[in-house]
Structures are given as structure tokens and as C-alpha cells.
Amino acid sequence: MSSHLDAAPLGVGILGAGPVTQAIHLPSLARLGDILTVRHIMDVDPAVAESVAARVGAAHSTSLEALLGDPAVEIVAICSPHQFHAEQVIAACRAGKKAVLCEKPFAMNAEEAAQISAVSEETGVPIIVGAMHTFDPGWLAAQENWDDLPETAHTVRSSIVLPPNARFEDFATEIITRPAGGSPDYSDPEVIKGALRGGIMGLAIHDLPLIRRFTPDFKDIEVLEARHVRPFGYVISLRTPTRTIELRAAMNNTWKPEWSFEAFSDDAALRIDFTPSYVQAGSAVATFSKSGGTTGAVTTSLGPFEHNGYEGEWRELAALATGTKQPPPAQTLIDDLTFALDIADATVARFDARHTTLPAVPEGAHA
């Protein structure tokens, strides 16, 4: 057992107290009280900050400076809107904290990512990005057992069928500020392009680091087809010189959520079934199947394990903060981000090209 488990719990400060903090991070941290404890909650809404902090007996504030100036805060989790991530990661590193967790995406562009990398190297503060599936014990177990599948796979697929997050958010949180609704105007190409980009950077991005692990030529990505699925989803077909990649998602009312990652080679296949985020339902299960020649197929399942990827990322953060583990190379985080940005840009460009060459859709028809 790591020595840090015998020390006092590390103090955590959380920037942003929205649904992800309330319904995911706080329950995860509650199960890790021997190594981590919440000391400070910051939110621009003072009522939210005060109420959420009261649940865990933490201090509260409405400013980044107050949280970073709190000596009880040793680890910072950045759960604020995307556009603030880069400046807040950099500020946390410069404030001398022991480690930083940033929700995805950790930057809005490659330039911001490079700045973050440089500051992390300069200050020695490790950073991890909250791509929870990469910390899931089911994924880690698959990694230890997949042999040469990342090198030999020819097809990779991410498939997501979920009910809207609101079902779980409203069940698990007491404070919700939800934007006033209204149905999006799907006759406007800009609305559809925004939905496609949002789907990639908000949903597909969970699995893109996994896909990139199976895509050695990921810098040569090409989008073959991109379609928006109403009300929120996408069907995107991509390829590299050696890989076929499929990204599919639909958020509709469904009694049976599914979130899977698959990779196929000529003689082997891997499927990882992840649990939905908000229900704290434990780890993924990895299933390998391999051609056995004359003996038939051989199937092996790994999992489920005791905790999910969110708890896994917090365990990783504690290990980084105490120096018992080395952080991931900054280039890995940059490559994961640029992979996602490249796919988002190429998807929008592909939609633009298709939209300008196809005849107009008659009014009342579905795009």
C-alpha cells in the first residue's frame, strides 16, 4: 500500500460547483476520505458555492484567487466552463499546488495546450485531464491484456446511447441552473455545425483518447461522413491510412443505456462496456474474443471492478500529488486534445462541403 495512505488526507479545492461536481466528484471523493478531503468550493454563484460547500464542511468563495490563496487546498480540480480552463490551470500551477485535475477539454486550442505544458514543466506541478474512461479499471485491465491489438486493429468504434443527462443530474443534485429551453432551429446549418462540434468536444471526447491509442497514424485523420442525430447525437465515419473509425451517439429517452468502445483486428476483438457517468454504477467490463483456429473462438471477460473511472482519476491525482507516481507526458495530453480538435474541425468542414453540394431540404423534412 502506498505510503500516502497513512498520511493526512490531501486538501481538495474545486473550481465550479455545477452538476458534475455535485453528482460525480463529491460522491467519488466521499469514498476516498482516507486520502482526499474537500476543503474549498468556488462558484461564481454565491448561493451555489455556499450550499454545496456546506454538504462537505468546506470553505466557499466566488473567486479563483480566494481558492488558490487557501493554504488548506493542495489539489485543484477545475470544473468550470471550457473557456476558463487554460488560465485556471496555469494559475493553479503558479500558485504552487501539488497537482491539478482539469475537466476536458483542458484547452480550447493547441496554443493554449502548449502554454499549459510549458507552465507545468516549469513549475513541476503535474496535470491530468478528466477523461475518466482512461482511468477506469476495466480499460486498464484491457490494456494489460490486449497484446498487439492496438497495432493490428483495422476498425475502431465508439457507440453511445444515453438518456439526456438531465434525468441523472436532477436526481443527484439539488441546485441546477438550466438554460431556458426552446427547440433548436435545425434548418440553420450553423446550429447543426454547433451541435456536431459540441457532440465531439462534449461527448465523443470521453473516448477519443482510447481511439487514439488504437490509431498510430492519428495525425492523418479524414472525415468521410458526418450527420447530426436529433435531438443530440451524431454519426461520424472517419479513416486514416490504416484504420476505419466510427463514432456514434444518441441521447434519447431509453431504458437501457449503452456506452461501448470496440476494436477489431483480423483475428481478435475487444469490447469495453462503460457505465453511465451519473449513476455511480462501478467500472467498465472488458471482453476479449480471439480466433482459436480449430478450437473455435476464445472469450475472456475482465471486470467489473470495485470503482469507476472517476474514482480512478482521483486516486491517480493523489498518487501524483505525493510523488508516488509519475504524471503522463505532456505530449500525450496535447495529442489527445489536438486529435479531438482535428476531428471537430474536419467534421464541421465535411458538413459544410456536403451542405453546399446537396440540394436544399424541403421544409418540414429531416436533415
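Scroll up to find the structure this text is about.
Now for a quick tour of the structure. Predicted model, so just to flag it, every value in this text is computed and none were measured.

Below, the discussion takes up the overall build of the protein. When helices and strands are tallied, the protein shows twelve helices and 14 strands. When burial is assessed residue by residue, the protein has 50% of its 367 residues classed as buried. Of the roughly 16800 Å² of accessible surface on the protein, a fraction of 54% belongs to carbon and sulfur atoms.

Along the chain, tryptophan 146 falls in the loop between α6 (137-145) and α7 (149-152). Under the relative-accessibility criterion, tryptophan 146 is labelled buried at 5%. Between the C-alpha atoms of tryptophan 146 and leucine 270, which are 124 residues apart in sequence, the distance is 7.9 Å. Contact partners of tryptophan 146, with chain neighbours within four places excluded, come to Trp139, Arg213, Phe214, Leu270 and Phe288.

Moving on to the layout of surface pockets. By volume, the second largest pocket is sized at about 920 Å³. In this structure, the second largest pocket is lined by 37 residues; those nearest its centre are Thr134, Phe135, Leu140, Glu316 and Pro328. Taken together, the elements giving at least two residues each to the lining of the second largest pocket come down to β6 (127-129), α6, α10 (208-213), α11 (309-321) and α12 (330-357). Top element by residues in the lining of the second largest pocket is α12. It accounts for five residues. The residue makeup of the lining of the second largest pocket, split by class, is 20 nonpolar, eight polar and nine charged.

With that settled, consider the environment of alanine 195. You can see alanine 195 is positioned in helix α9 (residues 189-202). Non-local contacts of alanine 195, meaning those with residues more than four positions away in its chain, are made with His228 and Phe232.

Attention shifts here to the nonpolar core. Membership of the largest hydrophobic core comes to 80 residues, with the highest contact counts inside it found for Phe214, Leu247, Phe261 and Leu270. In terms of domain composition, this core takes at least three residues from each of domain 1 (10-130) and domain 2 (134-177 + 186-327 + 336-356). With sequence-adjacent residues up to four places away left out, phenylalanine 261 is seen in contact with Trp139, Val156, Arg157, Leu210, Ile211, Phe214, Leu270, Arg271, Ile272 and Phe274. The next biggest cluster of nonpolar side chains, apart from the first, holds 27 residues, and it includes Leu10, Ile35, Ala53 and Leu101.

Taken together, the six bridges between strand β8 (residues 222-228) and strand β9 (residues 233-239) define a ladder with antiparallel strand orientation. Across the sheet, the residue bridging to alanine 226 is isoleucine 236, located in β9. Taking the residues that link successive antiparallel strands as the turn, the β8-β9 hairpin has four residues. Of the pairings in the sheet, the one linking β9 to strand β10 (residues 244-251) comprises seven bridges and is antiparallel in character. Across the sheet, residue serine 237 finds its bridge partner in β10, namely glutamate 246. With antiparallel pairing between neighbouring strands as the criterion, β9 and β10 make up a hairpin whose turn holds four residues.

Pairing between sheet strands relies on hydrogen bonds along the backbone, with the strands arranged either parallel or antiparallel. The strand order across the open sheet built from six strands is β3-β2-β1-β4-β5-β6, with neighbouring strands paired in parallel fashion. Each having just a single partner strand, β3 (59-61) and β6 make up the two edges of the open sheet. Going from strand to strand, the sheet's axes swing by 25° on average, the running direction of each strand aside. Of the strand pairs in this sheet, strand β1 (residues 10-15) and strand β2 (residues 36-42) are connected by six bridges, and their pairing is parallel. Within β2, the residue paired with glycine 11 across the bridge is threonine 37. Contacts from helix α4 (residues 85-94) reach β1, β4 (75-78), β5 (99-102) and β6, with the element oriented near 170° to β5. The strands touched by α11 are β1, β2, β4, β5 and β6; relative to β5, the strand with the most contacts, the crossing angle is about 155°.

Moving on: a negative patch on the surface. On the surface, Asp148, Glu151, Asp266 and Asp267 cluster together to form a negatively charged patch. For aspartate 266, the position within the fold is in the loop between β11 (258-264) and β12 (268-273).

Orientation of helix α1 (residues 19-30) relative to α11, taken along the N-to-C sense of each, is 60°, at an axis distance of 9 Å. What the angle tells us is that α1 and α11 run oblique. You can see that α1 and α11 cross each other, and the crossing is right-handed. Residue-level inspection shows Ile24, His25, Ser28 and Leu29 of α1 in contact with α11, the latter providing Tyr310, Glu311, Glu313 and Trp314.

Glancing now at the sheet that holds strand β13 (residues 285-290). Within the open sheet, the eight strands sit side by side as β8-β9-β10-β7-β11-β12-β13-β14. Their pairing is mixed. A strand with exactly one partner marks an edge of an open sheet, and here the two such strands are β8 and β14 (298-302). Geometrically, the sheet is characterised by an average inter-axis angle of 10° between neighbouring strands, direction not taken into account. Pairing of β13 with β14, which is carried by five bridges, proceeds in the antiparallel orientation. For alanine 286, the partnering residue across the bridge sits in β14 and is leucine 302. Against the sheet, α6 touches β11, β12, β13 and β14, its axis set at about 25° to β13. Here α9 sits on the sheet and contacts β8 and β9; the angle it forms with β8, its principal contact strand, is near 115°.

Cut-off values and rules
- Residues numbered from 1 in each chain as written.
- Predicted model: local features only at pLDDT ≥ 70, side-chain atom pairs only at ≥ 80, totals over all residues.
- Heavy atoms only, no water.
- Helix = DSSP H or I, 4+ residues; strand = E, 2+ residues; numbered from the N terminus.
- Buried < 20%, exposed > 50% of the residue type's maximum accessible area, 1.4 Å probe, protein only.
- Areas by Shrake-Rupley, 256 points an atom, 1.4 Å probe, with all protein chains shown as cover.
- Contact = heavy atoms within 4.5 Å.
- 1 Å grid on protein atoms, 1.4 Å probe; cavity = no way out; pocket = protein on both sides within 12 Å on 5 of 7 lines; lining within 4 Å.
- Points joined across faces, edges and corners; volume = space filled by probe spheres on them.
- Nonpolar A, V, L, I, M, F, W, Y, C, P; charged D, E, K, R; others polar.
- Core = buried A, V, L, I, M, F, W, Y, C linked by side-chain atoms within 4.5 Å.
- Domains from an automatic or database assignment.
- Pairing = 2+ DSSP bridges.
- Axes fitted to C-alpha atoms, helices over the stretch in contact; angles between N-to-C directions.
- Patch = residues over 30% accessible without salt bridge, like charges linked within 9 Å, V, L, I, M, F, W, Y side chains within 5 Å.
- Salt bridge = Lys/Arg side-chain N within 4 Å of Asp/Glu carboxyl O.
- Lys, Arg positive; Asp, Glu negative; His and termini not counted.
- Charge placed at Lys NZ, Arg CZ, Asp CG, Glu CD.
- Parallel < 35°, antiparallel > 145°, perpendicular 65-115°, else oblique.
- Left-handed = near helix turned anticlockwise from the far one by under 90°.

Any functional reading would require information beyond the geometric quantities listed.
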